[in-house]
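# Observations on chain architecture
Given next are the chains, with one letter for each unit.
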Amino acid sequence: MPVEPTPTRRRPSRLSRISRRGALALAGLLTLSACVSSGISGLAQRINPNAPVQVALLVPSGSADAGNTILAESLENAARLAVSDLSGVEIDLRVYSTQGDPAVAAQVAREAVDRGAQIILGPVRSAEANAVGTAVASSGVNVLSFSNNPAIAGNNVFVLGLTPDNAARRIFEYAARNDRGQVLVVGEQTTAGQLVLAAVNRAQSGTGATIAATATYEFSQQGIVNALPEIADAARSSGAQSVLFTADSAGALPILAQLLPDNRISHPRFQFMGITQWNIPPATLQLSGLQNGWFTLPDPSLVAQFEARFTQAYGEAPHPIAGLAYDGIAAIGALLGTGSADALSRAALTQGSGFVGVNGIFRLMPDGTNQRGLALATIRDNAVVILEPAPSSFVGSGS
């Protein structure tokens, strides 16, 4: 779950093809919200509950990067699928291309607001989201970005992405309850890596777990190899019961999982844990060093149903973060269903009971970050086994 380096911030942060209700009847399962309060208010633009609400979707199409084009199409398709699943509310979804460029993103965001957009969904990357938030702040329009960088959250910008804070808190709590609460944290020496390590440190508070030590490595194959003896020594000398990896499968995780056991750091003496999804890509499940390890993931049953529904509708699997677009529309639709003129205000967006989307339950926090209900899983015989299911509701107000 890499987090992008934080752009210059506007303030110190607290940190087309649609299948109409296909055979899976995803909308029937996803009621699109938990208990949404009425009487919500705030400073955002008031809406007409009896008219279609215009939502601007900002996607990174239009650049020379083919990956951006694929991602943009997947996000748009997921959003349109969510719109088709709504009942009793009308959303006028308009799609804008950011080209993956913060300046372009800010420009099209202003254009969208000038044309009547009442809330913005997207963009993807933190620098773009930061620019968009600044560009439309004076208009009272809120931004539900797909970023997972908590550092850009605040003012009118919310992050929908699965943040490392959520994953780390879940894994720390589980470790503490299972006598594995003395944790060595292993991360990379990059700007993004330092952001993740900061998130892990924040998440540890109040979980019952303790960060016994932190070890880092230079982000290169040789740098990881060179750091292995130091990481192994830190695990043994710190009294750690667990080793928490911040890396994902595209980064250092495969090398660490392969070589640390060669340095006598392995299960069962040390419990390997991760805050990234070890089932993405599925080949990661074949790594011998990760067998019996613990990791977090969104509600797998809901994700699987969304992926099947999306594939049925569009003939291809969704991008791994496409579900965020569905979640954003789900939240907007649930709030519009209250019939309040203040349905898109900050108070409405941050109501404590949260929402249900294709990644499970989530709620937006007053500081612009989010909380998500995650499942806790392990790997046995190269397959995912759920140790604790994702929660189905939040406890507390979330304020």
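Here the structure is a predicted model, which is why all the values come from computation and not from measurement.

Attention now moves to the overall build of the protein chain. Secondary structure assignment for the protein chain yields 11 helices and 15 strands. A total accessible area of about 15500 Å² is found for the protein chain, and carbon and sulfur atoms account for 49% of it.

On to the environment of A317. With respect to the helices and strands, A317 occurs in the loop between helix 9 (300-314) and helix 10 (323-336). Note on A317: relative accessible area 57%, which makes it exposed. Between the C-alpha atom of A317 and that of S74, which follows or precedes it by 243 residues, the distance is 8.7 Å. Not counting the four nearest positions on each side in its chain, A317 is found in contact with F310 and T311.

All right, on to helix 3 (residues 102-114) then. Helix length check: helix 3 (13 residues) gives 18 Å between terminal C-alpha atoms against 18 Å at 1.5 Å per residue, within 8%. For helix 3, the set of buried residues is V104, A105, A106, V108, A109, A112 and V113. On its buried side, helix 3 packs onto strand 1 (53-59), strand 2 (91-97), strand 3 (119-121) and helix 4 (126-136). Residue D101 occupies the N-cap position of helix 3, its side-chain oxygen lying 2.8 Å from the main-chain nitrogen of A103. Two residues or fewer past helix 3, G116 is found with a positive phi of approximately 110 degrees.

The biggest cluster of nonpolar side chains holds 67 residues, and the ones touching the most others in it are L144, F146, V200, L244, I329 and L336. It is helix 10 that provides the largest number of residues to this core, a total of 10 residues. Each residue touching I329, except ones within four places of it in the same chain, is listed here: V55, A79, A82, V83, L86, I91, L93 and L121.

So, on to the packing of aromatic side chains. Applying the stated criterion across every chain, the model contains seven aromatic pairs. Measuring from centroid to centroid gives 5.5 Å for W278 and F295, while their planes differ by 25 degrees, and the two rings are stacked. One end of the pair, W278, is in the loop between strand 9 (271-274) and strand 10 (294-298); the other, F295, is in strand 10, with 17 residues separating them in the sequence. Judged by relative accessible area, which is 0%, F295 ranks as buried.

A few words on the sheet that holds strand 11 (residues 355-357). As summarised here, the arrangement of the three strands in space is 11-12-13, forming an open sheet in which the pairing is antiparallel. Edge positions in the sheet fall to strand 11 and strand 13 (370-372), since each of these pairs with one other strand and no more. Each adjacent strand pair in this sheet contributes to an overall mean axis angle of 30 degrees, direction not counted. Two elements, strand 11 and strand 12 (residues 360-364), share three bridges in a ladder whose sense is antiparallel. Across the sheet, the residue bridging to F355 is F362, located in strand 12.

With that settled, the discussion passes to the packing of helix 2 (residues 66-85) against helix 9. The interhelical angle for the contact between helix 2 and helix 9, taken along N-to-C directions, is 100 degrees, at an axis separation of 11 Å. For the element pair helix 2 / helix 9, the angle class is roughly perpendicular. In contact with S74, N77, A78, R80, L81, S84 and D85 of helix 2, helix 9 contributes F306, R309, F310, A313 and Y314. Tallied by class, the residues present in the contact of helix 2 with helix 9 amount to six nonpolar, three polar and three charged.

Looking now at the confidence of the model for the protein chain. Of the residues in the protein chain, 88% have a pLDDT of 70 or more, and the chain-wide mean is 89. Below pLDDT 50 for its whole length, residues 5-42 participates in 112 contacts with residues either more than four positions away or in separate chains.

Glancing now at the sheet that holds strand 10. Spatially, the seven strands line up as an open sheet ordered 7-6-8-9-10-14-15, and their pairing is mixed. Where the open sheet ends on each side, the last strands, each with one partner, are strand 7 (210-217) and strand 15 (383-388). Along the sheet, successive strands turn relative to each other by an average axial angle of 30 degrees, direction set aside. When strand 6 (residues 182-188) meets strand 7, the two strands line up parallel, connected through seven bridges. Directly across from V186, in strand 7, lies its bridge partner A215.

Following the criterion strictly, the structure yields nine salt bridges and no others. Close ionic contact of E388 with R170 constitutes a salt bridge, the shortest N to O distance being 2.7 Å. Taken together, the positions of E388 in strand 15 and R170 in helix 5 (residues 164-177) put the pair 218 residues apart, joining distant regions of the chain. On the basis of relative accessible area, R170 is assigned to the buried category, the value being 12%. One network of salt bridges, with partners in common, ties together R170, R177 and E388.

A few words now on the side chain of E128. Within the fold, E128 resides in helix 4. Dropping the residues within four chain positions of it, E128 is found in contact with T98, G100, D101, P102, A105 and P123.

Turning our attention to the pairing of strand 4 (residues 142-145). The alternating pattern of strand 4 places N142 and L144 on one face and V143 and S145 on the opposite face, and all of these are buried. Direction of pairing for strand 3 relative to strand 4: parallel, over a ladder of three bridges. What sits directly across from L121, in strand 4, is L144. For the segment spanning strand 3, helix 4 and strand 4, crossover handedness is right-handed. In terms of strand pairing, strand 4 meets strand 5 (residues 157-159) through three bridges, oriented parallel.

Conventions we followed
- Residues numbered from 1 in each chain as written.
- Predicted model: local features only at pLDDT ≥ 70, side-chain atom pairs only at ≥ 80, totals over all residues.
- Heavy atoms only, no water.
- Helix = DSSP H or I, 4+ residues; strand = E, 2+ residues; numbered from the N terminus.
- Areas by Shrake-Rupley, 256 points an atom, 1.4 Å probe, with all protein chains shown as cover.
- Buried < 20%, exposed > 50% of the residue type's maximum accessible area, 1.4 Å probe, protein only.
- Contact = heavy atoms within 4.5 Å.
- Expected span 1.5 Å × (residues − 1).
- Polar contact = N/O pair within 3.5 Å; in protein donor to acceptor, adjacent residues only side chain to side chain.
- Core = buried A, V, L, I, M, F, W, Y, C linked by side-chain atoms within 4.5 Å.
- Phe/Tyr/Trp six-rings, centres within 6.5 Å; stacked < 30°, edge-to-face > 60°.
- Pairing = 2+ DSSP bridges.
- Axes fitted to C-alpha atoms, helices over the stretch in contact; angles between N-to-C directions.
- Parallel < 35°, antiparallel > 145°, perpendicular 65-115°, else oblique.
- Nonpolar A, V, L, I, M, F, W, Y, C, P; charged D, E, K, R; others polar.
- pLDDT = per-residue confidence, 0-100.
- Salt bridge = Lys/Arg side-chain N within 4 Å of Asp/Glu carboxyl O.
- Right-handed = clockwise from strand over helix to strand, strands pointing away.

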